[in-house]
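Commentary on secondary and tertiary structure
Single-letter residue listing:
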Amino acid sequence: MAFREWKTFASAGLGAALLGVLAGSAFADDTLKLTELSPNGADACFGRIYDAAHLKAHPKQKVARIFFYYGHDPVSRPNEEPSANSDTSYNGFLTTTVRGAKAPEWAGGWCNHESEDGTSGPIRCGMDCDRTLASLKVDDKGRLVLSDLSSDIYLDPDSEEQLGKAEYVRQALGSEDDNFRLDPMPASTCKAEFARIDPIDPAVGPPLRERFKPDQAFCYGRDYDAAHMSSHPDQLTQSIRVFRGPVELASFASGGDVTNWPDGADIAVSVTTRQKGAKVTQTYSCQGEADQWRCAASSKMSNFSCDIAQKEIFLKRGANGTIMLANPNSSIAVVDLCSKAADGKTKSDDKVYRLEAMPQAACAP
């Protein structure tokens, strides 16, 4: 249960927040409508890769690769969010790679004409918090002219105050990173460029929402032997099971919406600790969020003296058929969830579990 593994979940949470902001800013009728960018209604791609000679001649330009994609979301991948929401998208995507960087950064927004009727005038791509992603126009050679690109496009609005001037300048784009002239390219070129942002690990397989069906029971767990417990003196968990059984399946069947799976899915987590031999089981209600299930503790199966709804755990795909369970804030019943020991971040070495598939009988109540 290494801390290094938990950082993956933390990063996923940040990505989910960003995706949520962007998706929340989109309109339901956001469709391809800027014929200047896409005369035939297909997804459109524009890009440019600057050679060494150009970059040498423009020392204040940090951007070495830049691509603008207009159309359906090229960033998201098959994830844990309900399939009913999978077509939600906004229509402008920018990705740049600065000199020396190994991977691109990206931002997204929605693009429209600034005129009252929305059919003429300059094209502006907006972002949340009334920020501008870029202004667009197409020249007489079909190239996309991208301007009004802020140097802090990938930073928070108050980042200069938070980071300090020197660090802000280091992270921001350069003074010559604007007024780009991008060539038309195949849509597949932009998709390949956006895929560099966060390459898919084939070892983790399909999303959990595809691996586990709404009416399917499952059982995952781990039993820690004496050698492991001896080498991890701060770990309380001796045995853990994560499962959906008859009770959880019946709960979803009676009130769940299959089209929004896995939102509303109940799971149960049973644990035994080195201090107590008795097994304690807690129920959680889950929802899909980016590449993980976010599961809040539920009082369906028992009464609590406190509000446990803020007690959350996270499930995520692991390599080779395993699943990962993150417990960053003392939300597993290795401690009393209403006790002072459960306040704040998990203090014991019970933060991340790598769990393997087990027979359903291993998760029997």
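Residues numbered from 1 in each chain as written. Predicted model: local features only at pLDDT ≥ 70, side-chain atom pairs only at ≥ 80, totals over all residues. Heavy atoms only, no water.

1. A few points about the pairing of strand β15 (residues 323-326)
Just so we agree on the cut-off: Burial classes: relative accessible area under 20% of the type maximum marks a residue as buried, over 50% as exposed, and values in between as partly exposed (1.4 Å probe, protein chains only). Think of it this way: any DSSP run of H or I at least four residues long counts as a helix, any run of E at least two long counts as a strand, and we number them from the N terminus. For two strands to pair, DSSP has to find at least two bridges joining them.
Of the two faces of β15, both are covered, the one formed by Ile-323 and Leu-325 as well as the one formed by Met-324 and Ala-326. Across 4 bridges, strand β14 (residues 312-317) lies against β15 in antiparallel orientation. Within β15, the residue paired with Leu-315 across the bridge is Leu-325. Remark: 5 residues form the turn of the hairpin made by β14 and β15, two consecutive strands paired antiparallel; Asn-320 in that turn has positive phi of roughly 55°. Pairing of β15 with strand β16 (residues 352-357), which is carried by 4 bridges, proceeds in the antiparallel orientation. Across the sheet, the residue bridging to Leu-325 is Tyr-353, located in β16.

2. Describing the sheet that holds strand β6 (residues 131-138)
The strands making up a sheet associate through backbone hydrogen bonding, with each pair oriented either parallel or antiparallel. Definition in use: Comment: axis = line fitted to C-alpha atoms, over the contacting stretch for helices; angle = value between 0 and 180 degrees taken between N-to-C directions.
The strand order around the closed barrel formed by 8 strands is β1-β2-β3-β4-β5-β6-β7-β8, and the pairing between neighbours is antiparallel. Between one strand axis and the next, the sheet turns by 30° as a mean value, whatever way the strands run. Summarising the sheet, strand β3 (residues 92-98) and strand β4 (residues 105-113) pair through 5 bridges and their orientation is antiparallel. Considered in β4, the bridge of Phe-93 is made with Gly-108.

3. Side note on the confidence of the model for the chain
As a reminder, the rule being used: pLDDT gives the predictor's per-residue confidence on a scale running from 0 to 100. By definition, residues are in contact when any of their heavy atoms lie within 4.5 Å.
With 88% of its residues at a pLDDT of 70 or more, the chain has an overall mean of 86. Taking the mean pLDDT of every element in the chain, the minimum, 35, falls on helix α1 (residues 3-25) and the maximum, 98, on strand β9 (residues 218-223). Here residues 1-30 scores under 50 on pLDDT; set against residues more than four positions off or in separate chains, the count is 48 contacts.

4. Topic: the pattern of salt bridges
Quick note on the threshold: Note on definitions: salt bridges are taken to be side-chain nitrogens of Lys or Arg within 4 Å of carboxyl oxygens of Asp or Glu.
Using the criterion set out here, one finds 11 salt bridges in the structure. The partner of Glu-80 in a salt bridge is Arg-317, with the nearest N and O atoms 3.6 Å apart. Of this pair, Glu-80 sits in the loop between β2 (63-70) and β3 while Arg-317 sits in strand β14, placing them 237 residues apart in sequence. By the burial criterion, Glu-80 is buried, and Arg-317 matches it. Note that Asp-139 is salt-bridged to Arg-143, the shortest N-O span being 2.9 Å. What makes Arg-143 partly exposed here is its relative accessible area of 24%. Beyond isolated ion pairs, a larger network of salt bridges with shared partners links Arg-65, Glu-193 and Arg-196.

5. With respect to the packing of aromatic side chains
Here is the rule: Two rings from Phe, Tyr or Trp (for Trp, the six-membered ring) form a pair when their centres are within 6.5 Å of each other. A pair whose planes differ by under 30 degrees is stacked, one over 60 is edge-to-face, and the rest are tilted.
Summed over all chains, the structure comprises 9 aromatic pairs. Where Phe-212 meets Trp-293, the ring centres are 6.3 Å apart and the plane angle is 80°; that geometry is what we call edge-to-face. On the criterion of sequence distance, the pair formed by Phe-212 in the loop between α6 (208-211) and β9 and Trp-293 in strand β13 (residues 292-297) is long-range, its members being 81 residues apart. Judged by its relative accessible area of 3%, Phe-212 falls in the buried class. With 5.2 Å between their ring centres and 80° between their planes, Phe-252 and Trp-261 make a pair best called edge-to-face. Note on accessibility: Phe-252 and Trp-261 belong to one class, buried. Aromatic ring contacts, followed pair by pair, group Phe-212, Phe-218, Tyr-220, Phe-252, Trp-261 and Trp-293 into a single cluster.

6. Let's talk about the sheet that holds β9
In space, the 8 strands of this closed barrel follow the order β9-β10-β11-β12-β13-β14-β15-β16, with antiparallel pairing throughout. Within the sheet, the average angular offset between the axes of one strand and its neighbour, ignoring direction, is 30°. Sheet analysis places β9 next to β16, joined by 2 bridges and oriented antiparallel. When the bridges of β16 are listed, Gly-221 appears paired with Glu-356. Helix α8 (residues 246-255) rests against β10 (237-244) and β11 (265-273) of the sheet, and its axis sits at about 160° to β11.

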